[in-house]
Amino acid sequence: MPEVSDFNIEEFLSGSCRNAYNFFGVHKKVLFNEEGNEIFRGYIFRVFAPNAFEVYVMGNWNSFESLEYRMNKIHESGIYELFIKDIKEFYFYQYLIVKKDGEKLFRKDPFCFFNDLQYKQYSKIFDLTKLNLPPDELRINEFTSTNRPISIYEIDIFKFKKNEDLSFYSYGEIGKTIYSYLDDLGFKTINFKNKSLEKGTYLFTGFYSVNSLLGTPEDFQKLILDAHDKGFEILVDFDITFSNFLTDLVNFDGTDLYLKFKTNFKEKYKLDLSKGFVRSFVISSINFLIKFFRIDGIVIKNLNECFSNEIEKNEIAKFVKDVNDIIHEKHPTFLIIGEEFNDSFYLTSLHNESLNCDLKMDVNFYKNILNFFSKDFASREKEILNNSISSFFKEKFLLPISSFGDRTIVNNFFGDLFSKIEQLKLAYTYMFSHPGKKLIFMGEEMANISTFNEKFSFDLSLMRKENHSGVYKLVRDLNMFYKLEKAMWFDEFNSQFLNRISTFDIDPNIFVFNRKAGNSNLYFVFNISNNTVENFTLPLENEIYLREIFNSSSSKYGGPNLLNNTLLKSKAIDGKFSIDIKVGPNTGLILKVVE
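Calculation notes
- Residues numbered from 1 in each chain as written.
- Predicted model: local features only at pLDDT ≥ 70, side-chain atom pairs only at ≥ 80, totals over all residues.
- Heavy atoms only, no water.
- Helix = DSSP H or I, 4+ residues; strand = E, 2+ residues; numbered from the N terminus.
- Rg over C-alpha atoms; globule rule 2.2 N^0.38 Å.
- Buried < 20%, exposed > 50% of the residue type's maximum accessible area, 1.4 Å probe, protein only.
- Contact = heavy atoms within 4.5 Å.
- Areas by Shrake-Rupley, 256 points an atom, 1.4 Å probe, with all protein chains shown as cover.
- Lys, Arg positive; Asp, Glu negative; His and termini not counted.
- Charge placed at Lys NZ, Arg CZ, Asp CG, Glu CD.
- Axes fitted to C-alpha atoms, helices over the stretch in contact; angles between N-to-C directions.
- Parallel < 35°, antiparallel > 145°, perpendicular 65-115°, else oblique.
- Left-handed = near helix turned anticlockwise from the far one by under 90°.
- Nonpolar A, V, L, I, M, F, W, Y, C, P; charged D, E, K, R; others polar.
- Expected span 1.5 Å × (residues − 1).
- Pairing = 2+ DSSP bridges.
- Salt bridge = Lys/Arg side-chain N within 4 Å of Asp/Glu carboxyl O.
- Polar contact = N/O pair within 3.5 Å; in protein donor to acceptor, adjacent residues only side chain to side chain.

### Here's the deal with the overall build of the protein
Scanning the protein from N- to C-terminus turns up 9 helices and 32 strands. Against the 2.2 N^0.38 benchmark of 25 Å for 595 residues, the protein shows a C-alpha radius of gyration of 27 Å, consistent with a compact globule. Across its three principal directions, the C-alpha atoms of the protein cover 95 × 50 × 50 Å. Per-residue burial over the protein gives 57% buried out of 595 residues. Intrachain contacts of the protein at a sequence separation of at least 6 include 71% that bridge at least 24 residues. If you sum the accessible surface of the protein, you get close to 24300 Å²; carbon and sulfur atoms cover 47% of it. Looking at charge distribution, the protein has the averaged site of its 72 positive side-chain charges lying 3 Å from that of its 81 negative ones.

In structure tokens:
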């Protein structure tokens, strides 16, 4: 733990500090005499409150007597410090900030490492050295680039599984359940959502603290280290609007120190990233998650909610680029995904003048899927599918199929339940066939039909129902093919590796494209109608053989089993090659060129 003489305060104030957590917050300290014998031990408290007149520490070690432990101002910028001996870990504490006019403000610690949600007004002492890892465990994302298959399972750990009394699973219990489930399903990248569907519940309860309802910071660290041992990589949501606990920073030292007022959003405040120390505070929190929890990436959320004018938009853009450059300089394989942002900026490194995110969440893809499949067959705008391919190569996109408010995706589709599920299987086949990385929200892999609410968790009993288990098997197999077939992921942001064959011009209900990479040469065929097409003539460039390797209508997936079982040989008519294939209703096929 650095002393004030070791900490570069100017870096913190200017916005270039990367590890402010090593100095601020509460840290264990042991004092020794000249002979090297321990005199006493305790904790040192440090807080930044530049507009305070006086600052005190109060806690349950002194029955919260507010004026007993006055902090020392150790720097003119407004840094206060106090060492208190013989206090113990897990004691509650808070700061009493006295303004120049005498008004008293009771505040939680912005650098709190542990929050106990039963006592929301207090922070909790935690010995951060317990999270230190030996050198052989300092594993950061072993994957070398984004030019690989990436399919992400987005999970709400408060809703995945609950005990019979509806209490939450602990971090340890979650790990035992999730990893075996997702290993079978074929997902090796997990995104822990921050904001839960459980009302008012968040994974992160501060910029430096995880939710204590599920365990300690040590338990959360073990959850991630166990994931690494089983071959998973872990992403977490990083929401710089953090509306759930920005209220702890409001009027912190009697002024809007960390925040500024919002003018056009429901939440009243947002981080003031024009201030250097606020930027240091936020960037340090990302490094904190990397250093102590070994996360493999972040999803930067709600970027469009961070600005209300051109100046703020440019501030956010610069900040996001700085985050990417700073984190990637030290951790080049750390995965940073940005949500939708203003179209005047490119988020990903596909462009020279970008903000250098690794991937961009393509929210429009999901909106278009919903828009397309929510309408009756006669009203569907077919250009949605065609335009999805045409506009894809602008960014390095991640394609999400996630929750829509409190409704699951299948409940938004047109038709009866059987028809909805058949269309969902078609949608998944289209997503996995489409260039771009993949993301599915918890429960959507088995066509979850129940609305999440505060009483119930993810309904695993759906696995016992044929239609729903069929969707699960389909997603599992698509994950397998996605990893096995190089054409489905290699250099996918290069338009040269995709060839559109039919954009509903050969048959008004059939969409076809071809993707090649090495010896993986695949044709993807989609029937968007509710009718079987018995003999679709697939045009080809030369004489080839095709084998159907995937069919979403297979009985294995609960469908009508309208398959092309034989090896398909092209025919030549007037020097033009083609193959006739059968395509069932609401069906996606993958055909592979074979020798």
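Now that the structure has been shown, the text picks up again.
### Some words on the packing of helix α2 (residues 171-185) against helix α3 (residues 217-229)
Direction vectors running N to C along α2 and α3 enclose 20°, while the axes themselves pass 9 Å from each other. One element, α2, and the other, α3, form an angle in the roughly parallel class. Handedness of the crossing formed by α2 with α3: right-handed. Facing α2, whose interface residues are Tyr171, Ile174, Gly175 and Tyr179, α3 presents Asp219, Phe220, Leu223, Ile224, Asp226 and Ala227. Taken together, the residues that form the contact of α2 with α3 break down as 7 nonpolar, 1 polar and 2 charged.

### Some points on unusual backbone geometry
Even without a glycine there, the phi angle at Asn356 is positive, about 70°. By secondary structure assignment, the location of Asn356 is in strand β20 (residues 354-357). Positive phi values are uncommon outside glycine, yet Asp491 reaches one of about 45°. Along the chain, Asp491 falls in the loop between α9 (466-484) and β24 (498-503).

### Re α3
Side chains three or four residues apart in an α-helix point the same way, a direct result of the helix having 3.6 residues per turn. For α3, spanning 13 residues, the distance from its first C-alpha to its last is 19 Å, which sits close to the expected 18 Å at 1.5 Å a residue. Looking only at α3, the buried set comprises Pro217, Phe220, Gln221, Leu223, Ile224, Leu225, Ala227 and His228.

### Section: the sheet that holds strand β27 (residues 533-540)
Read across the sheet, 3 strands follow the order β27-β31-β30 without closing on themselves; strand pairing throughout is antiparallel. In the strand order of this sheet, the two ends are held by β27 and β30 (571-573), each with one partner. Strand after strand, the sheet turns through a mean of 45° between neighbouring axes, direction not considered. As paired strands, β30 and strand β31 (residues 576-583) are joined by 3 bridges and run antiparallel to one another. Counted as the bridge partner of Ile573 is Lys576 from β31.

### Concerning the pattern of salt bridges
Throughout the structure, instances matching the rule amount to 29 salt bridges. The partner of Glu154 in a salt bridge is Lys193, and the shortest N-O contact between them spans 3.8 Å. With Glu154 in strand β10 (residues 151-155) and Lys193 in the loop between β11 (189-192) and β12 (204-206), the pair connects residues that are 39 residues apart, well separated along the chain. By relative accessible area, which is 4% here, Glu154 ends up buried.

### Some remarks on the side chain of Asn527
One can find Asn527 in strand β26 (residues 520-527). Residue Asn527 is classed as buried on the basis of its relative accessible area, which comes to 0%. Of the polar contacts made by the side chain of Asn527, one reaches the backbone oxygen of Val583; its length is 3.4 Å. The contact partners of Asn527, leaving out residues within four places of it in the chain, are Leu426, Asn509, Ile510, Thr532, Val533, Val583, Gly584, Pro585, Asn586 and Thr587.

The values are spatial; any link to function lies outside them.
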